[in-house]
Amino acid sequence: MPNYVQYQQEIKDDIAETLQRFQCQPILFIGSGFSLRYASGPNWEALLTQLAQACPTIEKEFAYFKQKYDSDLTKVGSHFANEYFEWAWSKEGKKQFPAELFGTDIPRDTYIKYKAAELLKHLTTEGAHKALQGELEALKELGPHAVITTNYDALLEPLFPQYEVIVGQRVFRQSALVVGEIFKIHGSVAEPESMILTREDYDAFDQDKKYLSAKLLTYFAEHPLLFIGYSATDQNIKNILYDMSRMFTPTSTLIRNIYILQWDNTITEHSMPAKEQVLEVGDGINVRIKSISANDFRWVYEAFSVGGTMEKVDLKALRALANRMHNLIRTDIPTKNVQVNYEALEHAISNEETFGKLFGVTNLGDPAAANANHPYLASQLAEQVGVAHWYHVNQLIDQVKAATGFDMKAFDNIYHVHIKTGQAANSRTRKYSDAAVALLKKVLNGANYEIPKNVVDAQHQPPAKAKVKTEPAKK
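Residues numbered from 1 in each chain as written. Predicted model: local features only at pLDDT ≥ 70, side-chain atom pairs only at ≥ 80, totals over all residues. Heavy atoms only, no water.

**Q** Please clarify how unusual backbone geometry should be interpreted in this entry.
**A** Keep in mind that most residues, glycine aside, have a negative phi and that most peptide bonds are trans. With phi around 55°, glutamine 23 is a residue other than glycine that occupies positive phi space. Even without being glycine, aspartate 70 reaches a positive phi, approximately 50°. Classification of aspartate 70 by relative accessible area gives exposed; the value is 69%. (Buried < 20%, exposed > 50% of the residue type's maximum accessible area, 1.4 Å probe, protein only.)

What follows is the structure, encoded as structure tokens:
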């Protein structure tokens, strides 16, 4: 008899097949439900309710304005912006806002956006209970290619500290869409003026939406896409799917790389939720996407993590490289600002390893790269970790193996390489990296640690996402 365990396995298998087919990390599209789940943050209606309560000149309840404007929250936002403007310029209101907001060139919606940012900027995931913290840890490990959000708050930045935050109109001015970016397309509390809150804001956004869609559709066509924190009827989802539907014929075709994750607290061990949804996205167009229902999101995040975390990747360097290449191809070469040896370039790109070296990229089998990335002999590793002898290092490595099943010395990886050092067949030396130093220090001090999933998988063992606390080893 079908049950929820079977449903989970079928979803996991489908995700794994999609990731394998696209050979890249997923893109996350995150809405207000994410903030509600992990920080008890408000959705847009709840935020407008709080703004109404904070302004003394808004005397009626929020429900009155929702009825008055036929549930068009953008018009409610415009009405409230005018109320905040009048209040801010009153004798009492001026005390509630910074003096610099009262210049002659300040937009009239500045005051409501300032207050909205004040209400949201203190949101944090630190208060989430233990189960949700586990979900957030799994989300970090997911290592998405990029994150796109309509949320104003700053909950995503601590989760993905290496990612570059791109706010509002700057999304349109990006010369290239590369890896490791958080696109805050509706603005950010860090820049209150960027927040899209009123009818006028949305009208201006809609004028640029086609350009934004053109940029994002490149992403969505080439990556798995996971919606988190949206309902299936959310207009943001409908807008994206409407644009994507024009890429498929017929429009009823299942868009195989788009998933929507939805909370369902009625799930039991006997549940078998739907794995697809059909959505009406406008102009009579119906779109089919994949659906995931769960009351615990951790297994879903873990399923999308099979591509491995980007924790050890210097995303800043990758972005700089991609942008430089974009400028080189688009501007420098056509305008003859640089000289290009095409013969040398053609020779280099004919071999993947040689091509990688153009960018300083080498594989673990390269002795020069191994020595650069893994500089420590066992005795030097002991010194770096803070133990007396290489024997103690081996004890720590054995502790990791016993706790997680991960054998650092069994194969070449980010922690260890076993490289040839002479002509004799058995002339080999073990060397270790700074990552090994950091890991073994945690083991030594009894701290929590995790082995990246992609490293575990490379050992051809069942994923052992270790997060254990060890007893301090004797120095």
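**Q** In this structure, what is going on with the layout of surface pockets? I would like to understand it.
**A** Gaps between atoms show up when a probe of the same size as a water molecule is rolled over them. Empty space within the second largest pocket amounts to approximately 810 Å³. Together, 36 residues line the second largest pocket, and Trp44, His186, Tyr202, Asp234 and Asn236 are the ones closest to its centre. If you list the elements that add at least two residues to the lining of the second largest pocket, you get α2 (32-39), α3 (44-54), α5 (73-88), α10 (199-222) and α11 (235-245). Of the residues forming the lining of the second largest pocket, the biggest block, seven residues, is contributed by α10. Within the lining of the second largest pocket, the residues separate by chemical class into 15 nonpolar, 15 polar and six charged. (1 Å grid on protein atoms, 1.4 Å probe; cavity = no way out; pocket = protein on both sides within 12 Å on 5 of 7 lines; lining within 4 Å. Points joined across faces, edges and corners; volume = space filled by probe spheres on them. Helix = DSSP H or I, 4+ residues; strand = E, 2+ residues; numbered from the N terminus. Nonpolar A, V, L, I, M, F, W, Y, C, P; charged D, E, K, R; others polar.)

**Q** Would you mind showing me how to read the packing of α10 against α11 here?
**A** Geometrically, a packed helix pair is captured by the angle between its two axes and the distance between the axes. The interhelical angle for the contact between α10 and α11, taken along N-to-C directions, is 70°, at an axis separation of 10 Å. It follows that α10 is roughly perpendicular to α11 by the angle criterion. Residues Lys209, Ser213, Leu217, Phe220 and Ala221 of α10 form the contact with α11, whose participating residues are Asn239, Ile240, Asp243 and Met244. Looking at the contact of α10 with α11, its residues break down into five nonpolar, two polar and two charged. (Axes fitted to C-alpha atoms, helices over the stretch in contact; angles between N-to-C directions. Parallel < 35°, antiparallel > 145°, perpendicular 65-115°, else oblique. Contact = heavy atoms within 4.5 Å.)

**Q** Before we go on, may I ask you to explain the nonpolar core in this structure?
**A** One broad rule of soluble globular proteins: the nonpolar side chains tend to lie buried together. Phe34 and Ile292 are the most contacted members of the largest nonpolar core, which has 64 residues in total. Discounting chain neighbours no more than four positions away, the residues touching isoleucine 292 are Tyr7, Ile11, Ile15, Tyr259, Ile260, Leu261, Gln262, Trp299, Val300 and Phe304. Core analysis: the next-biggest nonpolar cluster, separate from the first, contains 31 residues, Ile185, Leu212, Tyr219 and Ile237 among them. (Core = buried A, V, L, I, M, F, W, Y, C linked by side-chain atoms within 4.5 Å.)

**Q** Is there a simple way to think about helix α6 (residues 110-120) in this case?
**A** Owing to its 3.6 residues per turn, the α-helix aligns residues three or four sequence positions apart on the same side. Counting buried positions along α6 yields eight of eleven residues, so the element is predominantly enclosed. Every buried residue belonging to α6 is among Thr110, Tyr111, Ile112, Lys113, Lys115, Ala116, Ala117 and Leu120, and all of these are buried.

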